[in-house]
Amino acid sequence: MEKPFHLLPQNDSPTDDRTPLMRGRSHSMSLVDVILGRRSIRRFEQKEIPKDILDRILEAGRQAPSAANRQPWHFIVLTDDRIKGRLSKWLFTKHIKNSSVTIVGCANTGLLDRRWSTIGTSIALQNMVIAAWAMGVGSCWIGGFKENEVKKLLGISDKWKVVALVSFGYPSEKSHAKRRKPIEKIVGYNKF
Ligand SMILES: Cc1cc2nc3c(=O)[nH]c(=O)nc-3n(C[C@H](O)[C@H](O)[C@H](O)COP(=O)(O)O)c2cc1C
């Protein structure tokens, strides 16, 4: 069983080699509760995410694993209402506009990185989603964007692929749990 966060090494423990950003505010929900309770949030309060919370969300991304620790990612944090508005034109991207921030996850497509960079960038984004939820911040992934438009608007060079955008903010809706396929339909032991 996972230890709740409050039972993890404390800040003054000699075994705690976390940086101050990695420590941040303490939270007592179990990590599994956080993962199982997360829902996509598309309606946000008009309230900014405090800097220390946002920094911690980004730190959760920075600490993500990546192939050979190449860290083949770059994140653009959109705070500007005009830019967010420009990206909110489509049905699937409407929630960008009211988000406190929307993070654009870019993967390096250079020769050494392209094989795994989309996976690494996705893991980092999902780390951010989970960390945010643990701190009361909702989010929603956005795959329904036009890559060329996003690249042009944000000055992203050819070397980078826009993997996804994720909107973050304090929830102003109660999102219900979506149906999932039964476990026996998606898990096989020792064969497909
Ligand atoms: C890669 C990816 C792309 C997604 N794209 C969109 C999107 O463009 N617009 C949107 O409203 N939700 C999008 N979602 C959110 C999904 O619709 C949502 O995760 C799914 O319905 C399950 O709901 P839940 O996250 O509340 O469990 C996306 C999710 C993922 C992982």
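Residues numbered from 1 in each chain as written. Predicted model: local features only at pLDDT ≥ 70, side-chain atom pairs only at ≥ 80, totals over all residues.

## Some details on the overall build of the protein
- The secondary structure content of the protein amounts to 7 helices and 4 strands.
- Going from N to C terminus, the protein has its helices and strands arranged as α-α-α-β-α-β-α-β-α-β-α.
- A burial count over the protein gives 28% of its 192 residues as buried.
- Once local pairs closer than 6 in sequence are excluded, the contacts in the protein between residues at least 24 apart make up 80%. (Helix = DSSP H or I, 4+ residues; strand = E, 2+ residues; numbered from the N terminus. Buried ≥ 20, exposed ≤ 12 C-beta atoms within 10 Å, placed from the backbone. Contact = placed C-beta atoms within 7 Å.)

## Brief notes about the site of the ligand
- The full set of residues close to the ligand is Arg 39, Ser 40, Arg 42, Phe 92, Cys 140, Trp 141, Ile 142, Gly 143, Gly 144, Ala 164, Ser 175 and Lys 178.
- Tallying contributions element by element places strand β3 (residues 138-142) first for the shell around the ligand, with 3 residues.
- Taken together, the residues of the shell around the ligand sort by class into 5 nonpolar, 4 polar and 3 charged. (Near = placed C-beta within 6 Å. Nonpolar A, V, L, I, M, F, W, Y, C, P; charged D, E, K, R; others polar.)

## Regarding helix α3 (residues 51-62)
- Taking 1.5 Å as the rise per residue, α3 with 12 residues should run 16 Å; its terminal C-alpha atoms sit 16 Å apart, in good agreement.
- Looking at α3, one finds that the buried residues are Ile 53, Leu 54, Arg 56, Ile 57, Ala 60 and Gly 61. Looking straight down α3, one finds that the buried residues subtend no more than 160 degrees of arc, so they occupy a single side. (Expected span 1.5 Å × (residues − 1). Arc of directions from axis to C-beta.)

## Describing the nonpolar core
- Counting 33 residues, the largest nonpolar core has Ile 57, Met 128, Ala 132, Val 166 and Phe 168 as the members making the most contacts within it.
- Broken down by element, the residue count for this core peaks at 8 residues, all from helix α5 (residues 117-134). (Core = buried A, V, L, I, M, F, W, Y, C linked by C-beta atoms within 7 Å.)

## Some details on unusual backbone geometry
- The phi torsion at Ala 68 lies on the positive side, around 55 degrees, for a residue other than glycine.
- You can see Ala 68 is positioned in the loop between α3 and β1 (73-78).

## What about the sheet that holds strand β4 (residues 160-169)?
- The sheet built from 4 strands is open, its strands ordered β1-β2-β4-β3 with antiparallel pairing. Only two strands of the sheet have a single partner each, and these edge strands are β1 and β3. On average, each strand axis in the sheet is inclined to that of its neighbour by 25 degrees, with strand direction left out of account.
- Where strand β2 (residues 101-108) and β4 come together, 8 bridges link them in antiparallel fashion. Residue pairing across strands places Ile 103 opposite Val 166, the latter belonging to β4.
- Running over the sheet, helix α6 (residues 147-154) touches β1, β2 and β4 and is turned about 80 degrees from β4. (Pairing = 2+ DSSP bridges. Axes fitted to C-alpha atoms, helices over the stretch in contact; angles between N-to-C directions.)

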